[in-house]
Amino acid sequence: MWTFVGAATGLPSILFTAALVVVVCFWLLVAVGATTASSFDSDVDLDAWGIGGVPVSVSPSLVTVFSWFLTVGSTALLVALTSSGAVTAVLRLIAPTAALFMAWWLTRRSVRPLRRLRPDEPGFGAPPA
C-alpha cells in the first residue's frame, strides 16, 4: 500500500496526480449540475490529434486518467523490481513520457466508438416539425 501511495505522490507521478485531482473535481461538479461537460471552448480542434468528436472535456480527461494509471503503475513496478540507482532514476523519468504517449493512443482507441454517440449535425435526434 505504501509503495502505491509513494508512487502516486512522488516525482514525477505527482504531476499526473495533481491533474487527476482537477479532473475528478471537474466531473464531480458536472455530476452535481454546477457545470456541463460541454462547458469548454468547442472550437478546439482535437481531430488533428485523433481524439476529437466528443466534448472537449472528455478527451483530456481520458488522457489524464490513463496517464496517471500508467505512470503510477510503472513507478510502483520500478520501485518493486529494481534497486535505487542511476538506471532506475532515468527509467523513472522516461516512464511519464512513455505513459503520456500510451495514454494518448488509448484515448484515441477509446474515443473512436464514442464518436458515433455524438453526431455532428446539431439537429440530429430532434423531433420532426
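S.K.: Please provide a residue-by-residue account of the overall build of the chain, values included.
M.R.: Along its length, the chain carries four helices and zero strands. Along the chain, from the amino end to the carboxyl end, the secondary structure elements read α-α-α-α. Out of the 129 residues belonging to the chain, those deemed buried represent 29%. The contacts of the chain with a sequence gap of at least 6 include a subset with a gap of at least 24, amounting to 70%.

S.K.: Please provide a residue-by-residue account of helix α3 (residues 58–81), values included.
M.R.: Its 24 residues place the ends of α3 34 Å apart at the C-alpha level, agreeing with the 34 Å of an ideal helix rising 1.5 Å per residue. Inspection of α3 places Val 58, Ser 59, Ser 61, Val 63, Thr 64, Ser 67, Trp 68, Thr 71, Val 72, Thr 75, Ala 76 and Leu 78 among the buried residues, and these make up the whole buried set.

S.K.: For the packing of aromatic side chains, give the residues involved together with the corresponding values.
M.R.: Think of a pair of aromatic rings as described by two things: how far the centres are apart, and how the planes are tilted against each other in angle. By the definition in use, this model includes two aromatic pairs. Measuring from centroid to centroid gives 5.1 Å for Phe 26 and Trp 27, while their planes differ by 75 degrees, and the two rings are edge-to-face. A relative accessible area of 29% places Trp 27 in the partly exposed class.

S.K.: Can you lay out a nonpolar patch on the surface for me, pointing to particular residues and giving the numbers?
M.R.: On the surface, a cluster of nonpolar side chains totalling about 350 Å² of accessible area is made up of Val 87, Val 90, Leu 91 and Ile 94. Here Leu 91 lies in helix α4 (residues 86–115). Overall, the relative accessible area of 35% leaves Leu 91 in the partly exposed class.

S.K.: Residues and numbers for the confidence of the model for the chain, please.
M.R.: Model confidence for the chain is summarised by a mean pLDDT of 77, while 80% of its residues fall at 70 or above. At the level of individual helices and strands, the chain shows its lowest average pLDDT in helix α1 (residues 2–9), which scores 68, and its highest in helix α2 (residues 13–32), which scores 87.

S.K.: Give me the lowdown on the environment of Ile 14, citing residues and values where you can.
M.R.: Secondary-structure assignment places Ile 14 in helix α2. Taking the C-alpha atoms as reference points, Ile 14 and Trp 68, 54 residues apart in sequence, are found 9.0 Å from one another.

The rules we used
Residues numbered from 1 in each chain as written. Predicted model: local features only at pLDDT ≥ 70, side-chain atom pairs only at ≥ 80, totals over all residues. Heavy atoms only, no water. Helix = DSSP H or I, 4+ residues; strand = E, 2+ residues; numbered from the N terminus. Buried < 20%, exposed > 50% of the residue type's maximum accessible area, 1.4 Å probe, protein only. Contact = heavy atoms within 4.5 Å. Expected span 1.5 Å × (residues − 1). Phe/Tyr/Trp six-rings, centres within 6.5 Å; stacked < 30°, edge-to-face > 60°. Patch = residues over 30% accessible without salt bridge, like charges linked within 9 Å, V, L, I, M, F, W, Y side chains within 5 Å. Areas by Shrake-Rupley, 256 points an atom, 1.4 Å probe, with all protein chains shown as cover. Salt bridge = Lys/Arg side-chain N within 4 Å of Asp/Glu carboxyl O. pLDDT = per-residue confidence, 0-100.

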